[in-house]
Every structure is written in C-alpha cells, then in structure tokens.
Amino acid sequence: MLKYTTHILLDSYGTNSYLVWDSESKEAVLIDPAAPSKQLAMKIKSDGLELKAILLTHGHLDHIGGNEFFMKEFNVPLLIHALDAPMLTNPTMNLSAFTGEEIVSPKATGFLEEGQIIKLGEIEIKVIHTPGHTKGGICLYSKGFLFSGDTLFQMSIGRTDFPGGSMENLERSIKNKLFTLPEDTLVLSGHGGTTTIGDEEVANPFFGFNK
Ligand SMILES: [Zn+2]
Ligand SMILES: [Zn+2]
C-alpha cells in the first residue's frame, strides 16, 4: 500500500517535500527535497525504509536544495525531466541567482519521461509530463494519489511568468492529463494543502467556469 508523509523543509517557501513508500516492500522515494534534513534522514533509516531515488517535479530552487544532502546520505539517483535538468546546476535558470543565495545541485543521474513507471515493490508510480510552469515539469501518479508539483494547487495553478512558463501549455497539461484522472484522486501539491481532482474540476477558478 502506498504511504506518504509531507515535510516542509524550507520554511521560507513552504515547499511540500514528500516521502513516499510501499508499506510491504519498504521501498521509498523522496519527492522534491527542498532542503537538507537530518531529522528526515533519520526517520527514513529508523523506519527501515530503503530509499531508491530522489524524484523532482521540476527544477526550481525551492524544490532542489536537499538534493546533495540526500544523495550523499543514501547514495541514490537524482531523476528529473531532461528539459528541466539544466536548471539544477544553473542558479539563473533555477531562479536562486535572484534570491541572494545561489543553489547549485548535483547533476541529474537520469531522466524522467512521459509514461515512465517507477516501481516501489508492487506499487507503480507513473510520470506525467505537464509542461507549463516549467518546460520539464512533471506530475507523479499512483492509483489514488497525484503528486502535482507546482502544476496544480488547491484552487490555483502554477505561475507561468518565469522563463520556460506558458499559460497555454499549463492549461492544456491540466485539462488533458490531470483532469482525466479519477475524480477521487488525492492531489498533493508542491505548496499548500491537499485537494482532489474532482474538486478542482468543479471549483478551480482557472477551470471551473469553463465547464
Ligand atoms: Zn516552481
Ligand atoms: Zn515551488
């Protein structure tokens, strides 16, 4: 069974980092580690989880600051869509250059692409490429759960005014690839609270009135 916990490792941005695991096999992935956290590393170890990879929904500064720490701590691959991979090592592209504290992550060790399946024991997590917030933005879907990064939020959608952003692409991604998922799918966003696909289809102000 899929289990997850939510961790805010970077208060200034309130980014939701997610630890996701299979309760049977104890295999786990870490989604968007926003900052180093000895506490979270200790929890992973003390819970007996086997961390398999770090998965990134996109390359912005507030989702990647813990990459180096967790890669070293667990010796795991770092995976991101190829179109966002250059952002990891480029503070201008990951926007940290504009904050006074440049973030340079290790390079990706592999790429996530549309339709790819990541397996944790019997659990399948599917990569959905959802360009719009960034070119290489992805969501991760496993029956009942969607980790939506900065693509879809509770009653909101991601910003499209950063380099690589496109409102047209974001709307298309959400309509065609997310709103086609089961209505009871729990949406776990990169920031803010949880919602469901059904609630967003009906009431998201960027879409609800179009239906
Ligand atoms: Zn972002
Ligand atoms: Zn973000």
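What counts, and at which threshold
Residues numbered from 1 in each chain as written. Chains lettered and ligands numbered in written order. Predicted model: local features only at pLDDT ≥ 70, side-chain atom pairs only at ≥ 80, totals over all residues. Helix = DSSP H or I, 4+ residues; strand = E, 2+ residues; numbered from the N terminus. Rg over C-alpha atoms; globule rule 2.2 N^0.38 Å. Contact = placed C-beta atoms within 7 Å. Pairing = 2+ DSSP bridges. Axes fitted to C-alpha atoms, helices over the stretch in contact; angles between N-to-C directions. Buried ≥ 20, exposed ≤ 12 C-beta atoms within 10 Å, placed from the backbone. Arc of directions from axis to C-beta. Core = buried A, V, L, I, M, F, W, Y, C linked by C-beta atoms within 7 Å.

(A) Spatial organisation of the overall build of the chain. Across its full length, the chain carries four helices and 14 strands. Taken against the 2.2 N^0.38 rule, which gives 17 Å for 211 residues, the C-alpha radius of gyration of the chain at 16 Å falls within 12% of a compact globule. When the backbone C-alpha atoms are referred to their principal axes, the chain occupies close to 45 × 40 × 30 Å. Nonlocal contacts in the chain, meaning residues at least 24 apart in sequence, comprise 57% of its contacts between residues at least 6 apart.

(B) Representation of the sheet that holds strand β5 (residues 78-80). The strand order across the open sheet built from six strands is β1-β2-β3-β4-β5-β6, with neighbouring strands paired in mixed fashion. At either end of the open sheet lies a strand with only one pairing partner, and these are β1 (2-8) and β6 (110-111). Examined bridge by bridge, strand β2 (residues 16-22) and strand β3 (residues 27-31) share four bridges and lie antiparallel to one another. When the sheet's bridge partners are listed, Leu19 is paired in β3 with Leu30. Strands β3, β4 (50-55) and β5 of the sheet are contacted by helix α2 (residues 67-74), whose axis makes an angle of about 155° with β4.

(C) α2, seen in detail. Of all the positions in α2, only Asn67, Phe70 and Met71 are classed as buried. Angularly, the buried residues of α2 cover 105° about the axis, an arc narrow enough to put them on a single face. Against the buried residues of α2 lie β3, α1 (38-46), β4 and β5. Downstream of α2 by one or two residues, Asn75 has phi in the positive range, about 50°.

(D) Up close: the pairing of strand β8 (residues 123-129). In this sheet, β8 lies alongside strand β7 (residues 117-120) in antiparallel orientation, the contact comprising four bridges. Note on β8: the bridge partner recorded for Ile118 is Ile125. Following β7, the chain reverses through two residues before pairing antiparallel with β8; Gly121 in that reversal takes a positive phi of roughly 55°. Pairing of β8 with strand β9 (residues 138-142), which is carried by four bridges, proceeds in the antiparallel orientation.

(E) Examining the nonpolar core more closely. Counting 55 residues, the largest nonpolar core has Ala28, Ile54, Leu55, Leu79, Leu140 and Leu146 as its most contacted members. Beyond its immediate chain neighbours, meaning those up to four positions away, Leu55 contacts Val29, Ile31, Leu79, Leu112 and Leu140.

(F) Layout of the pairing of β2. Of all seven residues that make up β2, seven are buried, and the element is covered over most of its length. Alternating positions in β2 separate into two faces, Asn16, Tyr18, Val20 and Asp22 on one and Ser17, Leu19 and Trp21 on the other, with burial throughout. Here β1 runs beside β2; their pairing, made up of seven bridges, is antiparallel. Its bridge partner being in β2, Ile8 is matched across the sheet by Asn16. Taking the residues between adjacent antiparallel strands as the criterion, β2 and β3 are bridged by four residues, where Lys26 takes a positive phi near 70°.

(G) Quick peek at the environment of Pro36. As for its placement among the helices and strands, Pro36 is situated in the loop between β3 and α1. On the basis of neighbour count, Pro36 is assigned to the partly exposed category, with 18 C-beta atoms found within 10 Å. It is 30 Å that separates the C-alpha atoms of Pro36 and Gly115, two residues lying 79 residues apart in sequence. For Pro36, the residues in contact, after removing those within four places along its chain, are Gly66 and Phe69.

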